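If you want the building blocks of each chain, they are given just below.
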Amino acid sequence: MSGLDMRSSERECSARWEHAFEADPAEKEKYYLTVAFPYPSGAMHVGHGRTYIVPDVVARYQRMRGKQVLFPMAFHVTGTPVIGISKRIANGDAKTVGLYRDLYRVPQDILDRFINPMEIVRHFSEEYRRVMQKCGLSIDWRRRFITVDPQYSKFIEWQYAHLHEDEHVVKGAHPVKYCPQCENPVGDHDLLEGDKAEIIKFTLVVFSWGDALVPCATLRPETVYGVTNLWINPETTYVRVTLDGKEWILSREAAAKLALQDHEVRVGEEIPGTALIDQTVSHPLSGEIPVLPATFVDPDMGTGIVMSVPAHAPFDYIALRDLQQQGKYTAIRPVPLISVEGYGEIPAKDAVERAGIRDQNDPGMEALTQEVYSAEFSRGKVFDKYGGKPVREARDDVAVLMMERYGSIPMYEFDNRQVICRCGSRVFVKILHDQWFLEYSDPCWKEQVKTQLDEMALVPPEVRTEFNRTVDWLKDWACTRRVGLGTKLPWDPTWIIEPLSDSTIYMAYYTIAHHLNAIAPEKLTPDVFEYIFKGEGNPTTVDRETLDRIRSEFLYWYPYDYRFSAKDLISNHLTFQLFHHRAIFPAKLQPKGMVVFGMGLLNGAKMSSSKGNVFLLEDALEEFGADTVRMFLVGSAEPWQDFDWRNELVSSTRKQIERFWTTVEEAKQAKGASDIDAWLASRLQHRIESVTAALDSFQTRQALQEAFFGVEADLKWYRRRLPEGATGGAVMQDLCRTWVRLLAPIIPFTCETLWSEIGGEGMVSFAPWPEVDEARVNPDVELAEELLSRTVEDIESIVKLIPIEPKSISLFVAPAWKHEAFRIIAASTDKTRVVREIMQNEEMRKRGREATDAAKQITKLVLKLPPELVKQLAGSSPDEQAVLEGARSFLEHEFGVPVTVRNAEESTHPKASGALPFKPAIVIE
């Protein structure tokens, strides 16, 4: 192949790889990695591409390190998302039909079949597989399954029987996310918007107004003693309702929410907000207080009525101040009840005035409110006359008091975010009865998971804090639904196990999926799984030889080595699966590690299929080629960092691959030798070492920087240093055989083709990873070339600055005593005292001020140079005069003028005294 033909390369390699990555147990060390399986309800975009390509780079690398690598894939279709999509398409929803017809380009005859949810699953699971293969993912497709396969359901039934027997699944009543249209609790996978919304428990503080009760939702019940007024939106129409037999006044939206939360609610007459303004309400802990107008009150938040604590709530303080500046309600004064270090008697006033807040519409109000609330909660104390306790204790105590004595009830809300189901309907908080819950609140279970986290490798390390935080706050989780796709609860088949709850230990199922596909589902009894996964029991539906073979394969692969998934799944799936592994498997089979991904951006904005802000992966593959897409996604950021896809930057990546191809093709004819060959061979060993270290720590971007840009930079200097007319010696062939292997995990199509072109044996996908050849490491040669390249850069910088055409260049190298000073300074642990250390040397002391000045200059140089280079120079600095003299013809060719090299002490030129170790003084005349 004379030139790079990406299309041809992709076709040929895909055919060769068809079954190449099917991994069976072997004598060698295993490496098992998994990545979150996709929900095939739409086309893949480039964000998905990064999710699967990065683990593939790791899989390919580990395979070349001689390990038996398992990289499997399946499809998650449990739940209601495809049902909701199917319903919207059947109902002719224009937005949904447009999304699938125009963005995902589903042919009309196939789109017509999408009224059946499983048609959506079948179509897009095949699309995912096809596009993944087009990306060059080295997946063992024999193990593919979907989460509604009957064999998989049998596996889930076995798991839940265990969880139920161990009392990890319990029946109860809890607040859950609920879609009224679907008549079903929903999880994060079922949502179009608000997948990060959390359920928050408010306390309703109930004020009296005549024969009616006026409730206010608060997260700070301890501040009831400081309430000075209520806020009512005069533009809102409220309703009088009978709630559990009592008359209440609240917003219509609040009445609908409370009706879902275990209350009998009958809506009666409407009451304009204006009718409530200037009325007086009362509470035993607040006394009689007025009702004031405030348009900032949202009828869809809480009860649509807000209690005002201007001493401790910045919004309340500034809203009251705004009214009082108009001459209204001037008699109302804030009532402080909490003391907090760093704030005055009235913390809200102090914070507002210190921040220079203008009015309640100031954009800084939200942050200021959080600042005051956090300060009071973490270090505030209630005044003695209100109990004298820390706020964090008083909050719960007052809430209990009001529930017991003053008619308060809880109300559940989302944390101020809109939550939308995939069916398009709004999601609310509902109290579900007789629902099955995973008891993640169990403190013993939590401790087991924390112990496991302490033993796991987490990448990046800082996510450990987020995992521990999630384990701490995780509450019981509704694990069943009435409708949707999925596995029925084995002991209560009127319920279906929800999506996040049936995708917790499927990594174990991968190890044996291809075996189970050949067994009739009815034969996969709980006893069969008990024997496969635990080695216990005596199942009779499957013969023992088959069972032993399946169990042996499971034990070969398990536990998994690393799981790759997005950081937004720490709060659910990634933590859930740790709970379930602890509950089901013994200590020796617990997960070893996880790598957590950042998010994907498209031209600076978050990618979202539902909002149409995506660039389809197949479009990217068609336009740029698979290796270009892979190299860009790997090179744009480390896996745990957010990346930004920009088409204009991707094009330059293709040019880089073309340069690589051309270099390797040209090197096939390289022969002979040059002095500079030893330097290139030595530099290559460092690149091998750096790429290996980067991939071992999942720094795929750093690996690419070293493997491509680092080697390319070395080649650029190598070509520059070759004798005139030379194109490169035989060392180039050795370099290219190594270079192709270093880049094979990242751009496998190109490297597979090149490996054949240069006579490599077999497939590069299985070629041995390059090893450092210590015999070719030559520190002296590398130091000499480093000195020369830095000197060339310095000369070039000076030439750019001087306004005259150079006639000659003189280089003055530092004398031996300055090299000794360099060694002393490099070894010093306190660089602020080096002058004193230098002057303790008798020879230096004789030189007086000259030594003092040199020490200061050398110290600056030491701090500027890379630490590893300083260490090398302190150990054995090169003979600078010999190095530069040996390269004099090169320098004269580079700059087109005569070059002289002299020891600085042999010259009277005023600039010669400025020569430093590894930094000659340069005079251009």
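The preceding data block contains the structure.
Since the structure is predicted, the reported quantities are computational estimates derived from the model, not experimental observations. (Residues numbered from 1 in each chain as written. Predicted model: local features only at pLDDT ≥ 70, side-chain atom pairs only at ≥ 80, totals over all residues. Heavy atoms only, no water.)

### Brief notes about the sheet that holds strand β2 (residues 68-70)
Step number 1: Pairing is parallel in the open sheet, where five strands are placed in the order β2-β1-β24-β25-β20. In this open sheet, the two strands that pair with only one neighbour each are β2 and β20 (457-459). Going across the sheet, the axis of each strand differs from the next one's by a mean of 15°, ignoring polarity.
Step number 2: Strand direction decides the pairing type here: strand β1 (residues 30-35) and β2, joined by three bridges, are parallel. Looking across to β2, one finds that Tyr31 is bridged to Val69.
Step number 3: Strands β1, β2, β24 (562-566) and β25 (593-597) of the sheet are contacted by helix α2 (residues 46-64), whose axis makes an angle of about 175° with β1. (Pairing = 2+ DSSP bridges. Helix = DSSP H or I, 4+ residues; strand = E, 2+ residues; numbered from the N terminus. Axes fitted to C-alpha atoms, helices over the stretch in contact; angles between N-to-C directions. Contact = heavy atoms within 4.5 Å.)

### Focus: the pattern of salt bridges
Step number 1: All told, the structure shown has 58 salt bridges when counted by the stated rule.
Step number 2: Across the salt bridge formed by Glu29 and Lys67, the nearest N and O atoms sit 4.0 Å from each other. Linking Glu29 in the loop between α1 (6-16) and β1 with Lys67 in the loop between α2 and β2, this pair joins segments that are 38 residues apart in sequence.
Step number 3: What makes Lys67 buried here is its relative accessible area of 19%.
Step number 4: When the shortest N-O distance is used, the salt bridge between Arg847 and Glu850 registers 3.8 Å.
Step number 5: Relative accessible area serves as the criterion here: at 26%, Arg847 is assigned to the partly exposed category.
Step number 6: The structure contains a network of salt bridges with shared partners spanning Glu22, Asp24, Asp140, Arg142, Arg143 and Glu553. (Salt bridge = Lys/Arg side-chain N within 4 Å of Asp/Glu carboxyl O. Buried < 20%, exposed > 50% of the residue type's maximum accessible area, 1.4 Å probe, protein only.)

### Focus: the layout of surface pockets
Take a probe with the size of a water molecule and roll it over the atoms, and the empty space left behind shows itself.
Step number 1: Its volume calculated, the second largest pocket comes out at about 1600 Å³.
Step number 2: Where the lining of the second largest pocket is concerned, the elements lending two or more residues are β6 (199-209), β7 (212-218), β14 (305-308), α9 (314-324), α11 (365-379) and α12 (391-405).
Step number 3: Looking at the lining of the second largest pocket, the element that brings in the most residues is α11, giving six residues.
Step number 4: The residue makeup of the lining of the second largest pocket, split by class, is 20 nonpolar, 13 polar and eight charged. (1 Å grid on protein atoms, 1.4 Å probe; cavity = no way out; pocket = protein on both sides within 12 Å on 5 of 7 lines; lining within 4 Å. Points joined across faces, edges and corners; volume = space filled by probe spheres on them. Nonpolar A, V, L, I, M, F, W, Y, C, P; charged D, E, K, R; others polar.)

### Overview of the packing of aromatic side chains
Step number 1: The full count for this structure, using the stated rule, is 53 aromatic pairs.
Step number 2: On the basis of an interplanar angle of 35° and a centroid distance of 5.5 Å, the ring pair of Tyr440 and Trp445 is categorised as tilted. Summarising the burial analysis for this pair, Tyr440 and Trp445 share the class buried.
Step number 3: With a centroid separation of 5.8 Å and an interplanar angle of 80°, the aromatic rings of Trp717 and Phe890 are classed as edge-to-face. A residue pair is termed long-range when its members are at least 10 positions apart, and Trp717 in helix α24 (residues 700-721) and Phe890 in helix α34 (residues 888-895) qualify at 173 residues. With respect to burial, Trp717 and Phe890 carry one shared label: buried.
Step number 4: We note Arg220 situated over the ring of Tyr373; from NZ or CZ to the ring centre the distance is 4.3 Å.
Step number 5: Just above the ring of Trp495 sits the side chain of Arg482; from NZ or CZ to the centre is 3.6 Å. (Phe/Tyr/Trp six-rings, centres within 6.5 Å; stacked < 30°, edge-to-face > 60°. Lys NZ or Arg CZ within 6 Å of the ring centre and 35° of its normal.)

### Considering the side chain of Arg143
Step number 1: Its location among the elements puts Arg143 in the loop between α6 (117-134) and α7 (150-165).
Step number 2: Judged by relative accessible area, which is 0%, Arg143 ranks as buried.
Step number 3: Every residue in contact with Arg143, bar those within four places of it in the chain, is listed here: Ala23, Asp24, Leu70, Pro72, Met73, Tyr510, Thr511, Ile512, Ala513, His514, Glu553 and Trp557.

### Observations concerning the packing of helix α22 (residues 647-667) against α24
Step number 1: Remark: α22 packs on α24, axes separated minimally by 12 Å, with the N-to-C direction vectors making an angle of 50°. Considering the angle they form, α22 stands oblique to α24. The crossing of α22 and α24 is left-handed. Contacts from Gln656, Arg659, Phe660 and Thr663 in α22 reach Phe708, Phe709, Glu712, Leu715 and Arg719 in α24. (Parallel < 35°, antiparallel > 145°, perpendicular 65-115°, else oblique. Left-handed = near helix turned anticlockwise from the far one by under 90°.)

### Some remarks on the side chain of Asp677
Step number 1: One can find Asp677 in helix α23 (residues 677-696).
Step number 2: Although buried, Asp677 forms no salt bridge, and the nearest oppositely charged side chain, Arg776, lies 7.8 Å from it.
Step number 3: Among the polar contacts listed, one links the side chain of Asp677 to the backbone nitrogen of Ser674, at a separation of 3.0 Å.
Step number 4: Those residues within four positions of Asp677 in sequence are excluded, and the remaining contacts are Gly672, Tyr718, Gly729 and Val731. (Lys, Arg positive; Asp, Glu negative; His and termini not counted. Polar contact = N/O pair within 3.5 Å; in protein donor to acceptor, adjacent residues only side chain to side chain.)

### A look at the nonpolar core
Step number 1: Grouped together as the largest cluster of nonpolar side chains are 158 residues, with contacts concentrated most on Tyr100, Trp645 and Phe660.
Step number 2: If one sorts the elements of this core by residue count, α2 sits on top with nine residues.
Step number 3: Once you skip the residues sitting within four places of it in the chain, Phe660 turns out to touch Phe708, Trp739, Val740, Leu743, Ile747, Thr750, Cys751 and Leu754.
Step number 4: Counting 67 residues, the second largest nonpolar core, distinct from the first, contains Phe145, Trp436, Ala508 and Val542. (Core = buried A, V, L, I, M, F, W, Y, C linked by side-chain atoms within 4.5 Å.)

### Some thoughts on the pairing of strand β17 (residues 409-414)
Step number 1: Burial analysis of β17 places five of its six residues in the buried class, which makes it a mostly covered element.
Step number 2: In this sheet, β17 lies alongside β6 in antiparallel orientation, the contact comprising six bridges. In the strand pairing of β17, Ile200 is matched with Glu413.

### Description of α9
Step number 1: Most of α9 is tucked away: nine of the eleven residues are buried.
Step number 2: Check the buried side of α9 and you find it contacts β8 (229-232), β13 (287-293), β14, α10 (347-355) and α11.

### A word on helix α13 (residues 443-455)
Step number 1: Look at α13: 19 Å from first C-alpha to last across 13 residues, which is about the 18 Å you get at 1.5 Å a residue.
Step number 2: All of the buried residues along α13 are Trp445, Lys446, Val449, Gln452 and Leu453. Down the axis, α13 shows its buried residues gathered within 120° of arc, on one side only. When the buried face of α13 is taken as reference, the exposed residues oriented beyond 90 degrees from it are Pro443, Cys444, Asp454 and Glu455.
Step number 3: Where α13 is buried, its residues contact α7, β19 (428-438), β20, α14 (463-473) and α19 (573-584).
Step number 4: Near the N-terminus of α13, the side chain that reaches the backbone nitrogen of Cys444, with its oxygen 3.0 Å away, is that of Asp442. (Expected span 1.5 Å × (residues − 1). Arc of directions from axis to C-beta.)

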